[in-house]
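This is what each chain is made of:
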Amino acid sequence: MFAIIRTNLLRRSTRTIFTASGIAVGVATIVALLAFTQGLKETAAGFVNLGGSELGVFQANVSEPTASVLPESIVARLDASPDVAHATPLLLLVEGVKSDASAIVFGADPAGFFTHNLVLTGGQRPATGAREVLVGDRLAAQLHLLPGAVLVIAGHPYRVAGIYHSGILFEDSGAVLALAQAQQLTSRPAEATDVVVQLAPGVRASVAARHIERSFPGTQVITDPQQALRVGANSTLISKAILVIVVIALIVGAISVTNTMAMSVIERQGELGLLSTVGWGPVRVASLILGEGIAVSVLGAAAGLLFGVIGGSLLVHALGVSAYVSPSVTAWGLGRGLLVGVAIGVLGGIYPAWRVTRMRPLKALSAT
Amino acid sequence: MSAPAGAEVTVERASKGFGRVSALRDVSLSVSPGEAVAITGRSGSGKSTLLALIGGLEQPDAGRILIDGRELWRAPHPARARREVVGFVFQRHLLLATLSARANVEVPLIGAGVHRAERRRRALALLEEVGIADRADHLPSELSGGESQRVAVARALANEPRLLLADEPTGALDSTNSERVLDLLFRLREELGMTLLVVSYDSSVGTRADRTVTLIDGQLAAADEALSQRG
């Protein structure tokens with residue numbers, strides 16, 4: 001049976017290639033978007049636990065977490081909340097380091113727990129008011145920076161006071177500047193991107209999040225990466241876009257496979273009639289057609305997986321977010337792409353396969 | 001190959017029409033197990049329709065077609081019932097173009113769920129039987145008309161049928177190849193003991209068969225009708 005499926009697909013190789021290509025485009029789009037979303041999720045995961053915090057307070061309904069703007073004054077009120085042990089503001093500068101666009105510069109209160117929790121591996125903390133910066137050990141290694149070197153941030157030179165390690169990728173791949181200097185650099189006085197919070201002992205993050213959102217209208221609290229992903233309208237849009245594309249890919253792909261297989265059934269009436277004549281039951285003949293549909297789809301899906309992995313990288317560049325989002329291809333993401341491919345084959349093959357079961361052998365034979 | 005016993009064929013007042021065309025009218029015929037019967041008649045006389053009804057490819061509008069006492073098309077699984085009893089050879093060989101001769105012979109065995117190694121063994125034995133084992137790996141396009149028809153005969157024998165139905169098996173062959181294919185069919189019938197029904201214009205088929213029946217405008221010729229009713 002597999003040999004017959006293989007030879008049937010090969011003898012109409014051009015048609016097979018075109019049909020598989022259509023499916024490949026759909027599957028590639030799905031895989032690329034899933035890889036992008038997974039990358040966003042991982043990015044978001046990094047934002048959740050910045051500085052060893054348990055939750056982050058962001059502005060609600062922003063396009064991306066990094067686009068959030070909060071008044072610095074909110075920090076004192078948060079700090080006073082019984083659920084909160086410590087709160088400290090962060091101002092994020094994306095693409096502030098020209099020599100490494102993926103590095104994020106954190107404007108942080110020198111007295112806050114975010115700065116305090118950084119473990120210095122070299123040098124010392126910046127002197128108050130000095131144009132100095134702390135550099136993560138990953139970034140330092142990448143740019144060959146040592147204490148005393150100069151790092152240019154947003155066109156302004158800063159002396160590297162010390163090198164730190166926090167164990168959080170985003171922090172170790174970035175740099176930490178005093179909040180006031182970051183605000184000055186971005187012309188955003190008294191503003192922060194978000195406020196990271198350590199909770200009082202025994203307080204559950206979900207409970208605290210509800211209290212904070214109620215007390216501070218216009219904010220959104222994130223406590224886990226999945227939630228962080230939902231904060232960004234772009235992320236939500238992408239998630240919905242994936243669903244729409246999956247549905248479109250299923251419909252278009254299934255129609256394409258139906259068309260191809262229906263044509264094949266009409267052209268091969270004699271052959272299928274012969275199979276029936278020599279004792280192939282309707283289910284077996286239908287399985288042949290269905291098998292061919294699935295084989296085309298799996299071929300397309302396999303190509304789609306490959307293109308999707310490549311497309312994921314292209315997508316982050318096209319969207320201009322390659323600095324802080326790396327597409328992440330997971331086995332589940334690939335599995336879903338493959339699943340869509342198989343589903344296209346099954347859905348597309350059902351009608352032609354059904355037609356075959358209705359075929360009268362003598363009439364089919366006379367069509368040759 | 002084991003020798004399958006021949007099947008008994010009984011056609012009882014069978015009629016068949018296609019739209020407004022009456023292809024077969026009230027035909028009755030009895031064929032004994034192992035008998036070789038030639039069916040002749042002009043084009044459009046209903047020969048192929050009769051064969052299709054006997055083979056269970058079509059169901060009669062009226063009357064009954066019994067193979068060893070059962071109606072194939074009424075079986076719970078008509079394709080299986082057909083596979084277990086009947087082998088078909090057509091005017092054109094109808095080999096699958098992309099499969100080798102051996103793979104073509106294997107096709108009915110796939111339908112029967114025979115395992116791959118056994119399929120291969122049986123297909124090669126059958127090709128040996130019809131005298132073209134050396135062409136087993138050739139595609140139909142690489143075979144002559146006579147060779148292709150011999151592959152078709154091997155395919156018809158794959159499931160060891162007790163009834164072999166041949167519809168103009170030499171219609172597309174030259175005289176030399178026609179003789180070879182007829183020699184083969186009648187030799188196999190002798191060796192295997194199967195019942196053989198051959199539709200043909202070829203008068204030499206009649207001389208080889210045990211009996212000849214003639215169809216005229218969808219009905220058996222009077223002499224054949226009387227013979228059939230006698231027994």
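Each remark here, short or long, concerns the structure printed above.
Residues numbered from 1 in each chain as written. Chains lettered and ligands numbered in written order. Predicted model: local features only at pLDDT ≥ 70, side-chain atom pairs only at ≥ 80, totals over all residues. Heavy atoms only, no water.

Trainee: So what exactly am I meant to see when it comes to the overall build of chain A here?
Mentor: Along its length, chain A carries 14 helices and twelve strands. Counting the 368 residues in chain A, one finds 50% classified as buried. In chain A, the proportion of contacts linking residues at least 24 apart, taken out of those at least 6 apart, comes to 80%. Surface accessibility of chain A: about 16,100 Å² in total, with carbon and sulfur atoms responsible for 63%. (Helix = DSSP H or I, 4+ residues; strand = E, 2+ residues; numbered from the N terminus. Buried < 20%, exposed > 50% of the residue type's maximum accessible area, 1.4 Å probe, protein only. Contact = heavy atoms within 4.5 Å. Areas by Shrake-Rupley, 256 points an atom, 1.4 Å probe, with all protein chains shown as cover.)

Trainee: Is there a simple way to explain the nonpolar core in this structure?
Mentor: Taken as a class, soluble globular proteins show a tendency for nonpolar side chains to be buried jointly. Residue and element names in this part refer to chain B. Counting 73 residues, the largest nonpolar core has I54 and L163 as its most contacted members. Each residue touching I54, except ones within four places of it in the same chain, is listed here: V9, V11, I65, I67, L72, L163, L165 and L197. In this structure, A36, L95, A101 and A154 belong to the second largest nonpolar core, which totals 37 residues. (Core = buried A, V, L, I, M, F, W, Y, C linked by side-chain atoms within 4.5 Å.)

Trainee: Please clarify how the sheet that holds strand 3 (residues 36-41) of chain B should be interpreted in this entry.
Mentor: Residue and element names in this part refer to chain B. Judged by pairing direction, the sheet is mixed, and its six strands sit side by side in the order 5-6-7-3-8-9 without closing on themselves. Bordering the open sheet on either side are strand 5 (86-89) and strand 9 (219-220), each of which pairs with just one other strand. Here strand 3 runs beside strand 7 (residues 195-199); their pairing, made up of four bridges, is parallel. Looking across to strand 7, one finds that A36 is bridged to L196. The strands touched by helix 5 (residues 145-157) within the sheet are strand 5 and strand 6 (163-167), with strand 5 carrying the most contacts at an inclination of about 170°. (Pairing = 2+ DSSP bridges. Axes fitted to C-alpha atoms, helices over the stretch in contact; angles between N-to-C directions.)

Trainee: Looking at this structure, I do not really get the packing of helix 5 of chain B against helix 6 (residues 175-192) of chain B. What am I missing?
Mentor: In helix packing, the relevant descriptors are the interaxial angle and the interaxial distance, both defined with respect to the helix axes. All names here are of chain B. Between helix 5 and helix 6, the least distance of the axes is 9 Å, while the angle of their chain directions is 20°. It follows from the interaxial angle that helix 5 and helix 6 lie roughly parallel. Considering how the two elements wind past one another, helix 5 and helix 6 form a crossing that is right-handed. Contacts from G146, Q149, R150, V153 and L157 in helix 5 reach N177, V181, L184, L185, L188 and L192 in helix 6. In terms of residue class, the contact of helix 5 with helix 6 is built from seven nonpolar, three polar and one charged. (Parallel < 35°, antiparallel > 145°, perpendicular 65-115°, else oblique. Left-handed = near helix turned anticlockwise from the far one by under 90°. Nonpolar A, V, L, I, M, F, W, Y, C, P; charged D, E, K, R; others polar.)

Trainee: Would you mind showing me how to read the packing of helix 12 (residues 282-318) of chain A against helix 13 (residues 331-357) of chain A here?
Mentor: All names here are of chain A. At a minimum axis distance of 7 Å, the contact between helix 12 and helix 13 shows a crossing angle of 155°. As far as their axial angle goes, helix 13 and helix 12 are roughly antiparallel. For the element pair helix 12 and helix 13, the recorded crossing hand is right-handed.

Trainee: Where do I start with helix 11 (residues 269-277) of chain A in this structure?
Mentor: Because an α-helix packs 3.6 residues into every turn, residues spaced three or four apart end up facing the same way. Residue and element names in this part refer to chain A. Helix 11 sits mainly inside the fold: eight of its nine residues count as buried. All of the buried residues in helix 11 are G270, E271, L272, G273, L274, L275, S276 and T277. Immediately downstream of helix 11, the backbone of G279 shows phi near 105°, a positive value.

Trainee: What's the story with the environment of T19(A) in this structure? I'm lost.
Mentor: All names here are of chain A. As for its placement among the helices and strands, T19 is situated in helix 2 (residues 13-48). In sequence terms T19 and V257 are 238 residues apart; their C-alpha atoms lie 6.7 Å from each other. Setting aside residues no more than four positions away along its own chain, T19 makes contact with S256, V257, T260 and V296. One polar contact links the side chain of T19 to the main-chain carbonyl oxygen of R15, over a distance of 2.9 Å. (Polar contact = N/O pair within 3.5 Å; in protein donor to acceptor, adjacent residues only side chain to side chain.)

Trainee: How should I be thinking about the interface of chain B and chain A in this particular structure?
Mentor: When the parts of a complex come together, some accessible area is lost, and that lost area is often taken as the interface size. Taken together, the 22 residues of chain B in the interface contact 22 residues of chain A. The junction of chain B with chain A conceals about 1,900 Å² of combined surface from both sides, 66% of it contributed by carbon and sulfur atoms. It is L96(B), T98(B) and I110(B) in chain B that bury the most area against chain A; as a group they hold 25% of the surface buried on that side. The interface formed by chain B and chain A includes zero salt bridges. In this structure, the connection of chain B to chain A is made through four residue pairs in polar contact (both at pLDDT 80 or more). (Buried area = accessible area lost by both parts, 1.4 Å probe. Salt bridge = Lys/Arg side-chain N within 4 Å of Asp/Glu carboxyl O.)

Trainee: Please clarify how the environment of D100(A) should be interpreted in this entry.
Mentor: All names here are of chain A. Following the sequence through the fold, D100 ends up in the loop between strand 3 (84-94) and strand 4 (104-108). Here D100 falls in the buried class, since its relative accessible area comes to 8%. Separated by 43 residues in sequence, D100 and L143 have C-alpha atoms that sit 8.0 Å apart. The residues touching D100, leaving out its near neighbours within four places in the chain, are L139, Q142 and L143.

Trainee: Whenever I open this one, unusual backbone geometry confuses me. Can you help?
Mentor: Leaving glycine aside, a negative phi is the common case for residues, and trans is the common case for peptide bonds. All names here are of chain A. A positive phi is found at H144, a non-glycine position, where the angle reads about 55°. Note that H144 resides in the loop between helix 5 (137-143) and strand 7 (150-153). Located in the positive-phi region is A190, a residue other than glycine, with phi close to 60°.

Trainee: Looking at this model, I keep getting lost on the packing of aromatic side chains. Mind explaining?
Mentor: For any pair of aromatic rings, the description rests on two quantities: the centre-to-centre distance and the angle between the ring planes. Summed over all chains, the structure comprises three aromatic pairs over all chains. Aromatic side chains F88(B) and F90(B) sit 5.8 Å apart centroid to centroid with 5° between the ring planes, which places their arrangement in the stacked category. In this structure, R131(A) is placed above the aromatic ring of Y158(A), and the distance from its NZ or CZ to the ring centre is 4.8 Å. (Phe/Tyr/Trp six-rings, centres within 6.5 Å; stacked < 30°, edge-to-face > 60°. Lys NZ or Arg CZ within 6 Å of the ring centre and 35° of its normal.)

Trainee: For this particular structure, what's the right way to read the pattern of salt bridges?
Mentor: Between side chains of opposite charge, a pair can form when the charged atoms approach closely. Residues and elements named next belong to chain B. This model, assessed by the stated rule, comprises 25 salt bridges over all chains. Here R211 makes a salt bridge to E35, at a shortest N to O gap of 2.8 Å. With a gap of 176 residues between them, R211 in strand 8 (residues 211-216) and E35 in the loop between strand 2 (21-31) and strand 3 connect regions that are remote in the sequence. With relative accessibility at 14%, the residue R211 sits in the buried group. Linked through salt bridges whose partners overlap, the residues forming this network are R102, E106, R119 and D137.

Trainee: What am I meant to see in the sheet that holds strand 4 (residues 62-67) of chain B here?
Mentor: Picture the strands of a sheet paired through backbone hydrogen bonds; they go either parallel or antiparallel. Residues and elements named next belong to chain B. Taken together, the three strands give an open sheet; going across it, the order is 2-1-4, and neighbouring strands pair in antiparallel fashion. Each edge of the open sheet is held by one strand with a lone partner, namely strand 2 and strand 4. With direction set aside, neighbouring strand axes in the sheet form an average angle of 25°. Pairing geometry for strand 1 (residues 9-18) and strand 2, over seven bridges, is antiparallel.

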